[in-house]
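Residue-level structure breakdown
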Amino acid sequence: ANAYTSHTRTVYLFSCTDHFAEALAELIDFVTHPYFTEESVAKEQGIIEEEIRMCLDNPYDRCYYNMLEGLYQKHPVKKEICGSIASIASITDQTLYDCYRTYYRAANMALVVCGDVTIEEVLAIADANLPVTADKTEVRRSDITEPVAVNKPRVMERGQVAKPIFS
């Protein structure tokens, strides 16, 4: 089991060789019934802080985010996916519950299954484990008008690499 966040989604995944129904039911339960405590948030903040530091040391990540910073003036895609050490420190369990209530809804989710299972099996597991009621409130989304011109025509950062890299 693992998870990752990209610019457009958070993905939870697992692989198994047996007990597929139980594993899928557990994944659905995990995603639809969050449990956050001050302690679990603090532990995850430490993990994310380490990930941020690792990205700061990765020349390919730096090159990628420098490219986005150069391209975009307003769009939030130019910001680091993990946030900053300061922004991560301000997260509380209540912040996570608020985000969950806003974005973790069936209309924002997709279930992708690969393997030796039938559609009927997957649907039966999903139907048995997904919450019955769906939140009908609309999520307000920002409409960002990005200027046509690039933010910065050139962004350069020096670091210790075997050869220059660019995007």
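Scroll up to find the structure this text is about.
I will try to describe carefully the structure that is included in this document. Worth saying up front: this structure is predicted, and the values here are computed from it rather than measured. (Residues numbered from 1 in each chain as written. Predicted model: local features only at pLDDT ≥ 70, side-chain atom pairs only at ≥ 80, totals over all residues. Heavy atoms only, no water.)

1. Focus on the pairing of strand S1 (residues 2–5)
Across 4 bridges, the pairing between S1 and strand S2 (residues 10–13) is antiparallel. Within S2, the residue paired with threonine 5 across the bridge is threonine 10. Connecting S1 to the next strand, S2, in antiparallel fashion are 4 residues. (Pairing = 2+ DSSP bridges. Helix = DSSP H or I, 4+ residues; strand = E, 2+ residues; numbered from the N terminus.)

2. Regarding the packing of aromatic side chains
Going through the model one piece at a time under the given rule, you end up with 6 aromatic pairs. Geometrically, the ring pair formed by phenylalanine 14 and phenylalanine 20 is tilted, given 6.2 Å between the ring centres and 35 degrees between the ring planes. The class of phenylalanine 14 is partly exposed, set by a relative accessible area of 24%. Since its relative accessible area comes to 19%, phenylalanine 20 is described here as buried. With 5.2 Å between their ring centres and 75 degrees between their planes, tyrosine 64 and tyrosine 65 make a pair best called edge-to-face. On the basis of relative accessible area, tyrosine 64 is assigned to the partly exposed category, the value being 33%. (Phe/Tyr/Trp six-rings, centres within 6.5 Å; stacked < 30°, edge-to-face > 60°. Buried < 20%, exposed > 50% of the residue type's maximum accessible area, 1.4 Å probe, protein only.)

3. Considering the packing of helix H1 (residues 20–32) against helix H6 (residues 119–129)
At a minimum axis distance of 10 Å, the contact between H1 and H6 shows a crossing angle of 40 degrees. What the angle tells us is that H1 and H6 run oblique. For the pair H1 and H6, the crossing hand works out as right-handed. On H6, the residues that touch Phe20, Ala21, Leu24, Ala25, Ile28 and Thr32 of H1 are Val122, Ile125, Ala126 and Asn129. Class assignment for the residues of the contact of H1 with H6 results in 8 nonpolar, 2 polar and no charged. (Axes fitted to C-alpha atoms, helices over the stretch in contact; angles between N-to-C directions. Parallel < 35°, antiparallel > 145°, perpendicular 65-115°, else oblique. Left-handed = near helix turned anticlockwise from the far one by under 90°. Contact = heavy atoms within 4.5 Å. Nonpolar A, V, L, I, M, F, W, Y, C, P; charged D, E, K, R; others polar.)

Shape is all these values report; function is a separate question.
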